[in-house]
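Descriptive structure summary
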Amino acid sequence: MVGWILKKILGSKNQRELKRLMPIVRRVNEFDEQFKSLSDGELRAKTAVWKEELAKIPELEDQWKQLDEILPEAFAVVKNAARRLKDRQDSFTVCDQPMKWDMVHFDVQLLGGIVLHRGRIAEMATGEGKTLVATLPLYLNALTGRGVHLVTVNDYLARRDAEWMGRLYDFLGLTVGCIQHDQEPDLRREQYAMDITYGTNSEFGFDYLRDNGMATTREQQVQRGYYYAIVDEVDSILIDEARTPLIISGPATISTHQYDRWKPLIEQLVRKQNMLCNRMASEAIEKFERGDVEMGGRLMFKVKLGQPRNKQLLRMMEDPDKRRAVDKAELSFYQDTRKEELFALKEELFFTIDEKSNEADLSEQGRNFLNPDDPNAFVLPDLINEFTEIDLDPSLSQEEKDKKKAERQQHCDEQAERIHNISQLLRAYCLFEKDVQYVIEENKVVIVDEFTGRKMPGRRWSDGLHQAVEAKEGVQIDRETQTLATITIQNYFRLYQKLAGMTGTAETEAAEFHDIYKLDVNVIPTNRPVARKDHNDRIYKTRREKYNAVINEIRDCHVREQPVLVGTVSVEASELLSRMLKREKIPHNVLNAKFHMQEAEIVQRAGQPGTVTISTNMAGRGTDIKLGAGVPGRGGLYVIGTERHEARRIDRQLRGRCARQGDPGSSRFYVSFEDDLMRNFGAADRMTRIMERFGLEEGQELEHRWLNKSVETAQKRVEQRNYLIRKRTLDFDDVMNMQREVVYTYRNEVIDSEEPRTLIYEVLDEAVPAKVKEYLGAERDEEPNYTGLLHWVNTTFPLGLTKEKAQFDTRTVDENTQFLIAKIKDAYERKSSHEEPTAVKSLERYIILNAIDRLWQEHLYAMDALREGVYLRGYAQKDPLIEYKTEAYDMFVELMANIKNEVLNNLFRSTSNLQAFENFLATLPQFLLREHAPTAPTANAPARGRQLQPVGAMAAVAGDGDGAGEMTLDLPIRRSMPKVGRNEPCPCGSGKKYKNCCGRVA
Ligand SMILES: Nc1ncnc2c1ncn2[C@@H]1O[C@H](COP(=O)(O)OP(=O)(O)OP(=O)(O)O)[C@@H](O)[C@H]1O
Ligand SMILES: [Mg+2]
């Protein structure tokens, strides 16, 4: 066997790398040989010894060196234990099914284990036993006691693998846990406390968000760090799943969308456009018939601009002549010299839709239709010009100019929102199809992942698209949701000190793994030579012909009792095939990645004679298909792909489902020119020519290895595009990620702090000088504002300072700062002396956490809005990412300052105990209490530490001669405003959002 491996791994870089690992594999086997003479107890004792040794090494780096050192021996212990279990036919239960242990690690599995330990991706084909491979590095790394994680694609696999491999860990004296969706925090904490924990990426990710963004005490947190994770099906998790971030959200306080308002009009508009396009398509047919190819092509191109999924258009595109005419028209219009003509062409439609870039645009006709009185309601005004004009107008005072500008800005924001709503609705109507991109379930729009066919309940399209689709389908339009916590999968996995992955297909995405996760890929040879035969693609003109051919092929297999696995790219396609098979009376199973456990059972049986299994590419992943009796003699499992997927990786994954462990097997893909991939990215022109040359008849197919190449080129193009999209998501999230890290670190510091008062004082030491500077600082061109400072001090802290007592004007800025800090601290010590010491501590933690959480959520909301907003700026030729970064930074600085101020504001307004608060009030200077008695704490005061209403004691000073009205005038406008969320109605009563009114950042 070693001979076969060696033959496979000579040569390429990958092979050289693996070759260097072979001596280690040999050493593992030598140790394994030695260990055979040990008793169970002696073998198991090694675990405890290593654990103890490693615990004595404080630094992670040094621990790693030690792990490398003991690797051969430790792997041998695992392998040896596996053999012992096998020899005694150890039986146990996995997911309530009886199971016998029957595996001992193969050499290639040891190789895979080393690669995983080194923090790389091991590409190992389906059925090579990756589940078992992971036991080696997991065991080794768990010896550090730091807790290691194995990430799977679904709850069922997490449980199955934890229970299955758990037998081995248990034998070796390690504990194993498993996270399941419905577990309560206490149970989760127990699972994380185990040496090894299995779970899905979203459970791990959501636990992280809850621990760091929501828990308020150490006891509420469930995870214990991010040391080492192995991600199973790593391509699926880090690439496919990575496109939708994990979001914990709640309903937003207010919603501003107008989708339901615009829906009826847009529906009419889409109908009008459809009629127009149908007419043009018929006209095009006429032109073609009369031999006017150029005009026909031009008309069809117009249809393509207006209704890319028009049925007649799609049918015409099957005809090579017509297809070429359209392509020619398209090419010529995109030349620079014909920009105006193209524009004119677009103006003949109501709107244009770009299928590739997913964009929708209204024409003048369309705008007129939507709002005949004011077609300009859908054009963004030229703000820069308008501002310049206002600035140049001599009849206006500065104040009037500012007011005018604010009005224009407001107007512009409203237009932008309207345009956005409408363009999302157009996309919803023209590009999003029910049962393809989404399904309706229980009156809700549920996204179907186009890659996996998996439904993703609870997730929503961003940027209002989801509401637009809800409006289109006439289901309840959910309120816009507000993000409470969010992280992308990428950034979650970057938290780990060491990350590794395994999958059957990583090679094609190696560059992305390297760039984003710093993960290198090693392709591990199979245990036995692969006997799979991959046939050339069969290419048809139309979908219909393709599906007919597929059905015929399935029937043949069924008759000769060869099992078939039919892969589809969408739920819709699966259902279509199923209907066709029913008509043919061919029994079959359909898998849609909905019920993981049943699916695993069905997939397990997919290798029995004569079975037909239809499956979206995600379904039943992670369960291998064993061949039934007699099947190897009939050619093994036959895999049929009914469409080439956008990513080559997914196709390889499907092919890999057959011919595992040296079994016989074969695969073939069926493709048609109507497939999305071919329409959008195919080398259509070249294909058309080839088709012509062969003079294709109805139902006839093409088959040649050159054609496979063309398809592959199209796939590479899409892969590249999707990579850029993911990269972009990540670029945006990186900004958030840095902010999240700062906030979460601070939060944890608060939670962990034994002396939270030091943190409170840190806030004081930073915020008070800033405030004093703001009022008295030398950078101000105005006079020092003593009254303003006094007002701030007295409304924030119960110091009862008067002008006479404060004597600000007799000291320097620094001296005033010191004076105030000392006074505040003194008052604070006095206040807390009345309270119970432990209660004070939790109160102090609470004050800071509360400030962080409230403002951070507001910040997230504002960031969401910013992110939507910057895309609109794309119209203004600005790079949204740069705009986003700059503004996000400013907003973050403001956030941190606001958090500090909020802490100060609440310092004296919170108490752990009402009696203590009253005692403290009794010690305050009498005049503070003269006019307004403190209001009682409200009933809905938070559980730990009560927060009082803004207390009269603090407000009382306003009546104290220093005239609040007068002081307000001295304050910069924004600071005199009450605290309102950016998206709440403005308190001035204008009816506009705060951010668009008084809260506008100049
Ligand atoms: N060393 C071994 N000896 C015997 N059988 C093994 C060995 N390793 C794995 N197997 C068997 O191979 C089958 C496939 O294992 P597993 O599900 O771990 O494969 P996988 O590589 O994860 O495949 P997939 O890509 O489908 O997830 C299992 O039934 C397992 O029992
Ligand atoms: Mg697996």
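Definitions and cut-offs
- Residues numbered from 1 in each chain as written.
- Chains lettered and ligands numbered in written order.
- Predicted model: local features only at pLDDT ≥ 70, side-chain atom pairs only at ≥ 80, totals over all residues.
- Heavy atoms only, no water.
- Helix = DSSP H or I, 4+ residues; strand = E, 2+ residues; numbered from the N terminus.
- Buried < 20%, exposed > 50% of the residue type's maximum accessible area, 1.4 Å probe, protein only.
- Contact = heavy atoms within 4.5 Å.
- Areas by Shrake-Rupley, 256 points an atom, 1.4 Å probe, with all protein chains shown as cover.
- Pairing = 2+ DSSP bridges.
- 1 Å grid on protein atoms, 1.4 Å probe; cavity = no way out; pocket = protein on both sides within 12 Å on 5 of 7 lines; lining within 4 Å.
- Points joined across faces, edges and corners; volume = space filled by probe spheres on them.
- Nonpolar A, V, L, I, M, F, W, Y, C, P; charged D, E, K, R; others polar.
- Phe/Tyr/Trp six-rings, centres within 6.5 Å; stacked < 30°, edge-to-face > 60°.
- Lys NZ or Arg CZ within 6 Å of the ring centre and 35° of its normal.
- Near = heavy atom within 4 Å.
- Polar contact = N/O pair within 3.5 Å; in protein donor to acceptor, adjacent residues only side chain to side chain.
- Sits in = over half its atoms within 2 Å of the grid points.
- Axes fitted to C-alpha atoms, helices over the stretch in contact; angles between N-to-C directions.
- Parallel < 35°, antiparallel > 145°, perpendicular 65-115°, else oblique.
- Salt bridge = Lys/Arg side-chain N within 4 Å of Asp/Glu carboxyl O.
- Right-handed = clockwise from strand over helix to strand, strands pointing away.
- Core = buried A, V, L, I, M, F, W, Y, C linked by side-chain atoms within 4.5 Å.
- pLDDT = per-residue confidence, 0-100.
- Left-handed = near helix turned anticlockwise from the far one by under 90°.
- Disulfide = S-S within 2.5 Å.

Focus on the overall build of the chain
Secondary structure assignment for the chain yields 39 helices and 25 strands. The proportion of buried residues among the 1002 residues of the chain is 54%. Within the chain, contacts between residues separated by at least 24 positions form 74% of all contacts whose residues are at least 6 apart in sequence. Element-wise, carbon and sulfur atoms account for 50% of the exposed surface of the chain, whose accessible area totals about 44,800 Å².

As for the pairing of strand β2 (residues 97-100)
As paired elements, strand β1 (residues 91-94) and β2 share four bridges and run antiparallel to each other. Across the sheet, residue valine 94 finds its bridge partner in β2, namely glutamine 97. Linking two consecutive strands that pair antiparallel, namely β1 and β2, is a turn of two residues; a positive phi of about 50 degrees is found at cysteine 95 within it.

Observations regarding the layout of surface pockets
When its volume is computed, the second largest pocket comes out at roughly 1,100 Å³. Lining the second largest pocket we find 40 residues, and of these Met103, Trp164, Asp624, Lys626 and Arg660 sit closest to its centre. The set of elements that each furnish at least two residues to the lining of the second largest pocket consists of β2, α6 (130-142), α7 (155-172) and α24 (596-604). Take the lining of the second largest pocket: its biggest share by element is six residues, from α7. Split by residue class, the lining of the second largest pocket holds 14 nonpolar, twelve polar and 14 charged.

Remarks on unusual backbone geometry
Residue glutamate 233 is not a glycine yet carries a positive backbone phi of 50 degrees. What makes glutamate 233 buried here is its relative accessible area of 5%.

What to know about the packing of aromatic side chains
Here the structure, examined in full by the defined rule, presents 20 aromatic pairs. Ring geometry for tryptophan 792 and phenylalanine 797: centres 5.5 Å apart, planes at 90 degrees, overall edge-to-face. Relative accessible area serves as the criterion here: at 9%, tryptophan 792 is assigned to the buried category. Note that arginine 811 overlies the ring of phenylalanine 819, its terminal NZ or CZ placed 3.8 Å from the centroid.

Thoughts on the site of ligand 1
Taken together, 19 residues lie near ligand 1, and Val104, Gln109, Lys130, Thr131 and Lys626 sit nearest. Backbone polar atom of glycine 127 to an oxygen atom of ligand 1: 2.9 Å apart, as the coordinates give it. Considered on its own, ligand 1 offers 640 Å² of accessible surface; in the complex 90% of this is hidden by protein. Its atoms largely coinciding with the cavity grid, ligand 1 occupies the second largest pocket. Top element by residues in the shell around ligand 1 is α6. It accounts for three residues. Residue classes in the shell around ligand 1 are distributed as six nonpolar, six polar and seven charged.

A look at the packing of helix α29 (residues 756-776) against helix α34 (residues 880-907)
Angle between the axes and distance between the axes are the two parameters that describe a pair of packed helices. Close contact between α29 and α34 brings their axes to 9 Å; oriented N to C, the two are set at 110 degrees. It follows that α29 is roughly perpendicular to α34 by the angle criterion. On the side of α29, the interface is formed by Ile760, Val763, Leu764, Glu766, Ala767, Val768 and Lys771, while α34 contributes Lys900, Asn901, Val903, Leu904 and Leu907. Of the residues in the contact of α29 with α34, the class split is eight nonpolar, one polar and three charged.

Looking at the sheet that holds strand β5 (residues 176-178)
Sheet architecture is open: seven strands sit in the order β5-β6-β4-β7-β15-β3-β16, paired in parallel fashion. Strands at the two margins of the open sheet, each flanked by one partner only, are β5 and β16 (521-523). The sheet shows a mean angle of 20 degrees between the axes of neighbouring strands, taken without regard to direction. Two elements, strand β7 (residues 228-232) and strand β15 (residues 498-503), share five bridges in a ladder whose sense is parallel. Across the sheet, alanine 229 pairs through a bridge with leucine 499, a residue of β15.

Notes on the pattern of salt bridges
The tally for this structure, following the rule as stated, stands at 57 salt bridges. One salt bridge connects arginine 83 with aspartate 32, and the closest N-O pair in it is separated by 2.7 Å. Taken together, the residues span a long stretch of sequence, with arginine 83 in helix α4 (residues 60-87) and aspartate 32 in helix α2 (residues 13-35) at a distance of 51 residues. No difference in accessibility class separates arginine 83 from aspartate 32, as the two residues are buried. One continuous salt-bridge network, built from bridges that share partners, spans Lys13, Glu17, Arg120 and Asp520.

Some points on the environment of arginine 854
With respect to the element layout, arginine 854 can be found in helix α33 (residues 837-873). Residue arginine 854 is classed as partly exposed on the basis of its relative accessible area of 36%. Between the C-alpha atom of arginine 854 and that of leucine 484, which follows or precedes it by 370 residues, the distance is 9.8 Å.

Thoughts on the pairing of strand β23 (residues 664-672)
Across the nine residues of β23, eight count as buried, placing the element largely inside the fold. Both strand β22 (residues 637-641) and β23 contribute to a ladder of five bridges, which runs parallel. In the sheet register, isoleucine 640 faces β23, and the bridge partner there is arginine 668. As a crossover connection, the stretch from β22 through helix α25 (residues 648-655) into β23 is right-handed.

Quick word on the nonpolar core
Trp101, Phe493 and Phe513 are the most contacted members of the largest nonpolar core, which totals 163 residues. Those residues in contact with tryptophan 101 that lie beyond four places of it in its chain are Ala82, Leu85, Lys86, Asp90, Phe92, Leu132, Trp164, Met165, Arg167 and Leu168. Core analysis: the next-biggest nonpolar cluster, separate from the first, contains 52 residues, Met280, Leu349, Ile422 and Leu425 among them.

So, the confidence of the model for the chain
Averaged over the chain, the pLDDT score is 82; the fraction of residues at 70 or greater is 83%. A low-confidence stretch, residues 926-980 (pLDDT under 50), is modelled with 86 contacts involving residues beyond four sequence positions or located in other chains.

Looking at the packing of helix α3 (residues 40-55) against α4
At a minimum axis distance of 11 Å, the contact between α3 and α4 shows a crossing angle of 160 degrees. It follows that α3 is roughly antiparallel to α4 by the angle criterion. Seen from above, α3 lies across α4 with left-handed handedness. Residues Asp40, Leu43, Lys46, Trp50, Glu53 and Leu54 of α3 form the contact with α4, whose own contacting residues are Gln63, Gln66, Leu67, Ile70, Glu73, Ala74, Val77, Asn80, Ala81 and Arg84. Per-class residue counts for the contact of α3 with α4 are eight nonpolar, three polar and five charged.

Some thoughts on the side chain of asparagine 421
Structurally, asparagine 421 is set in helix α18 (residues 398-430). What makes asparagine 421 buried here is its relative accessible area of 3%. Apart from the residues within four sequence positions on either side, asparagine 421 is in contact with His257, Gln258 and Tyr259.

Side note on the state of the cysteines
Cysteine pairs can be covalently joined through their sulfur atoms, and such a bond is termed a disulfide. Taken as a whole and judged by the stated rule, the model has zero disulfides. With no disulfide of its own, cysteine 178 has cysteine 95 as its nearest cysteine by sulfur position, at a separation of 8.4 Å. Overall, cysteine 178 belongs to the buried group, its relative accessible area being 12%. Free cysteine cysteine 277: the closest other cysteine sulfur is in cysteine 430, separated by 8.9 Å. Note on cysteine 277: relative accessible area 0%, which makes it buried.

Some details on the environment of valine 711
With respect to the helices, strands and loops of the structure, valine 711 is situated in helix α28 (residues 705-752). The spatial distance from the C-alpha of valine 711 to the C-alpha of glutamate 646 is 9.8 Å, given a sequence separation of 65 residues.

Remarks on helix α5 (residues 107-117)
Judged by how many residues are buried, α5 sits mostly within the fold: eleven of eleven residues are covered. Burial in α5 covers these residues: Asp107, Val108, Gln109, Leu110, Leu111, Gly112, Gly113, Ile114, Val115, Leu116 and His117. At the C-terminal side of α5, glycine 119 shows a positive phi close to 75 degrees.

Thoughts on the environment of valine 772
Of note, valine 772 is situated in helix α29. Sequence-wise, valine 772 and tryptophan 792 are 20 residues apart; in three dimensions their C-alpha atoms are separated by 9.6 Å. Residues contacting valine 772, with those up to four places away along its chain left out, are Gly777, Leu789, Val813, Asn816, Thr817 and Leu820.

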